[in-house]
Amino acid sequence: MAINFTSRSRIESLNKLAEGGEATIYEYDSKRVIKVFKPKVDLARKKEKVNYFISIKNQLPRNVIGPEEEVTVQGKFVGYAMRKLVGAEDLHMLTKPKYLTAAHLSNQDVLQIITDFGKHLGELHSTGIIVGDVSDYNFQINGKCDYFIDVDSWGIEGKYTPDAYTELFTCPDSYSSSGSINFSIENENYNFAILAFNMLTRIHPFGGTYLPDKNLSTIERMKRKISIVGKHKGDIKIPKIIGSWKWMSPQLEKDFLEIFEQGKKIDITANLQELLKNMKYCSTHDIYYYSKFNECPLCNENAKVKTAPVVAKVTQTANGPQITVIFAGIDCAYVLSNVHYLNRSNEAVHFETVRKFTVERGKRVDFSNDGKVVFVTDDDSIQVYDENNQVAATIERMHKSNYLVKDRDLYYVDKGNNLVRLSITKSGNMPNYLGQVFNAFFEASDDGKVLIVSMYPKTAIITTPDYTFEVDYNGRINEYAIKYDRATQKWLFVYQLSNGKYRTMVFNKNRIEYDDDVIMYNAQPLVNIDFCNNTIYDPADGKIIGTNIVKNTAKEFNCGVVDESSRLQFTGRGFKIYNKNNIYNYG
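A few points on the structure. (Residues numbered from 1 in each chain as written. Predicted model: local features only at pLDDT ≥ 70, side-chain atom pairs only at ≥ 80, totals over all residues. Heavy atoms only, no water.)

1. Observations regarding the overall build of the protein
Just so we agree on the cut-off: Helix numbers and strand numbers start at the N terminus; a helix is a DSSP run of H or I with at least 4 residues, a strand a run of E with at least 2. Only the C-alpha atoms count toward the radius of gyration. The rule for a globule is 2.2 Å times the residue count to the power 0.38. With a 1.4 Å probe rolled over the protein chains alone, any residue whose accessible area is under 20% of its type maximum counts as buried; one over 50% counts as exposed, and the rest are partly exposed. Shrake-Rupley sampling with a 1.4 Å probe provides the accessible areas, and residues are treated as covered by the protein chains on show and by no other component. Lys and Arg are tallied as positive, Asp and Glu as negative. Neither His nor the chain termini are counted. Taken as the charge location is NZ of Lys, CZ of Arg, CG of Asp or CD of Glu.
Looking only at helices and strands, the protein features 8 helices and 43 strands. In terms of C-alpha radius of gyration, the protein reaches 25 Å, essentially the compact-globule figure of 25 Å for 587 residues. Oriented by its inertia axes, the alpha-carbon framework of the protein measures out at about 75 × 65 × 50 Å. The buried share of the protein, reckoned over its 587 residues, is 52%. For the protein, the exposed area adds up to about 27,700 Å²; of that, 46% sits on carbon and sulfur atoms. Separation between the mean location of the 73 positive side-chain charges and that of the 71 negative ones in the protein comes to 2 Å.

Laid out in C-alpha cells, this is it:
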C-alpha cells in the first residue's frame, strides 16, 4: 500500500510542520503526517530501509513513530507516512528548569522517563537495531511518555548502517582512523549513559568549565576522559543552578564513573530501574533521593555530600551598590517575565493587577503590561482574551514557531511563513506583515524596531530595520539570544551550537561590527543576558560580568543574589535581577 500524489507541488501545498537537511514533514490528516525526502537524498537506499521497517512495524515498541506506508509521486518513492504526535516536545526540554516547573515534573518523573527510554532502547537492541543518533533532539516526550522518531536513519546490525549521529553524545571510541563511525550496540550503551546523565542532572557529564584549560572543548574532554564525576571533578566549575546529583544510588554513580572515565560500555538500565523502585521525598530540598540512604544525602552533613552553596546575604556599604527586593512572592513558583509569574496553583499572575489566568497543560500565558489583555498560546494558535476573560481573537500560527508578546503587540509566524505584528487596540486588531521568514528567530525593541533571523540550511538571513545581512553558519543552534542596545541602537545576536561553542555578532546600521567566538557565557538560558552601551552583561555565580565589545575589556561586579539562572535587565544606573522566585533592584 502507498499514498500516491500526482506531483510534489501537491505535497508542498499541505501544512508544513518541520524541515530538516534531508526531509520535510507535512500534515496529511488528523492522525498521520508524511515525511518527504529531498531529491538529493539516496532515495533507493531510503526506500529499501523504509520498506524493511514497514515490514517489522508490528514487532517494534508502540512508542516508535516509524514508517507505516510509502508515499509516492506518480508511483515513485519520495517518503513515508507515520503516526502524528500531538503536543510532544524534544527530550532536550528535560534540561529546562522552567519547563520542569510548568509541567510539574520532579527528578523522579525525569528518572522514570529515562528509565523507560533505556528499557525501550534495550528492546530495539535485542532485535539488532542500532539507533545511531542517540541525542536529546532525536527523541520526544509527551508528559511522561517517551517516543522514538527518525526511524529511517536507524541501522540494523549486518544489514544497514545508521545515517546520523551527534558528536556530544557519541562514544569517542566510535571514530575510526578514517573518520567514519563504527556503530555498535556497545558504543550505543555509552551514548545512552551520556544522554541519561544529561537529562537527570541537566548538565552534560563533560560540561562545566575545566579550570586548568578553559579552552579545552567538550569533545576533547570526552576523548581524554575528563568528566565531572571522576578524579578531575575538583578542577571543574559547575554552574551553581545544577545542584547535587548525590540523590542517585551509589551503584548508578559508579556506572557513570566507569563509563565516562574507565572506558566501560555497560547498559545502565537495570540500575536506573533499581533506583526508580527505591525513591523517597525530601521536603527540605524538594527532591526525591535513593531511599536506601539513612536520610537525605543532601541534608546529612555526616555523609559529606557536596551540595550547591547557599547564597549569603550581601553586606551593604553606604557608598556601594544597594540591593533591594522588588518582589518576593510566597506563592510564586517561577517568575515568567517583568509583568507576570507562575504561582503554585499553575496560574499565571499579573504583578500589578494580580489578575490570574489558569495555565493549561501544553499552553503558555502572557499578559499586556496593564494586565487587561491575555495571550494564550499552544503549538498551532494564539487566543487573545479581553479584560472580561472573553476570547477577542483566535490567531493560527505556524506549528511550534516562535512568537513574542510586547505589551499589546503580538509577533508571530502565520501559516504562510509571514512574520506578523498584530497590535491589539480598543478599535480592533491591526495586523502588519513584516515579510516572509523561514525557521525564524526574532526580537522587538520597546519602540517597535525588529530584528529577524531566518535560519536556512547553512545560511542565516538577518534583517534589521536598516539592512539585510547574509551569514554562513554550521550545525544546529542550541540556544540563542537577541538583544537591542537602546543607547547605541545596535543589535546583539548570540547563539550556541550543539558542540557548545558560542558565536557573538553585533549589527550596527549596514555593517557587522563584531563577529567572533571568543566570548563564553554563563547565563542559563542564554536569553538571560542583557546588552547596553556596547556592553554585554552576563549573570554568573555571585557576580555580573560586563564585556565591552568595542574596548575589548571585561569587568566583574559582585552581587550575591545573582546566579547563572538570573535574568538581567540593565536600567542605566544598575540592574533589575529576575530570579526564580524573587526580583531585585541592584544599583
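2. Focus: the pattern of salt bridges
Here is the rule we go by: The salt bridge definition used is simple: a Lys or Arg side-chain nitrogen within 4 Å of an Asp or Glu carboxyl oxygen.
Scanning the model with the defined rule gives 31 salt bridges in all. Between E513 and K490 there is a salt bridge; the shortest N-O distance is 2.8 Å. Here the residue E513 occupies a position in strand β36 (residues 511–516), and K490 occupies one in strand β34 (residues 490–497), the gap between them amounting to 23 residues. For E513, a relative accessible area of 22% corresponds to the partly exposed category. For K490, a relative accessible area of 8% puts it in the buried group. The residue K543 makes a salt bridge to E556 at a minimum N-O spacing of 3.5 Å. Remark: E556 occurs in strand β40 (residues 553–558) and K543 occurs in strand β39 (residues 543–548); sequence separation between them is 13 residues.

3. Considering the sheet that holds strand β1 (residues 2–5)
Whenever strands of a sheet pair, they do so through backbone hydrogen bonds, lying parallel or antiparallel. This is how the line gets drawn: Two strands qualify as a pair provided that DSSP identifies no fewer than 2 bridges between them. Orientation is described by lines fitted to C-alpha atoms, with helices fitted over the stretch in contact, and by angles between N-to-C directions that extend from 0 to 180 degrees.
Spatially, the 6 strands line up as an open sheet ordered β1-β5-β6-β4-β3-β2, and their pairing is mixed. A strand with exactly one partner marks an edge of an open sheet, and here the two such strands are β1 and β2 (16–19). In this sheet, neighbouring strand axes are inclined to one another by 25 degrees on average, regardless of whether the strands run parallel or antiparallel. With 3 bridges joining them, β2 and strand β3 (residues 23–27) adopt antiparallel strand pairing. The residue of β3 that forms the bridge with K16 is Y26.

4. Details of the packing of helix α5 (residues 185–201) against helix α7 (residues 250–262)
We apply this condition: Here the angle decides the label: under 35 degrees means roughly parallel, over 145 means roughly antiparallel, 65 to 115 means roughly perpendicular, and every other value means oblique. Each crossing gets its handedness from the near helix: less than a right angle anticlockwise from the far helix is left-handed, clockwise is right-handed. Here a residue-residue contact requires only that any non-hydrogen atoms of the pair lie within 4.5 Å. Think of it as three bins: nonpolar holds Ala, Val, Leu, Ile, Met, Phe, Trp, Tyr, Cys and Pro, charged holds Asp, Glu, Lys and Arg, and polar takes everything else, Gly as well.
Between α5 and α7, the shortest axis-to-axis distance is 10 Å and the interhelical angle comes to 125 degrees. The pairing of α5 with α7 is recorded here as oblique in orientation. The hand of the α5/α7 crossing is left-handed. Contact residues: Y190, A193, I194, A196 and F197 in α5; F256, I259 and F260 in α7. When the residues that make up the contact of α5 with α7 are grouped by side-chain class, the tally is 8 nonpolar, no polar and no charged.

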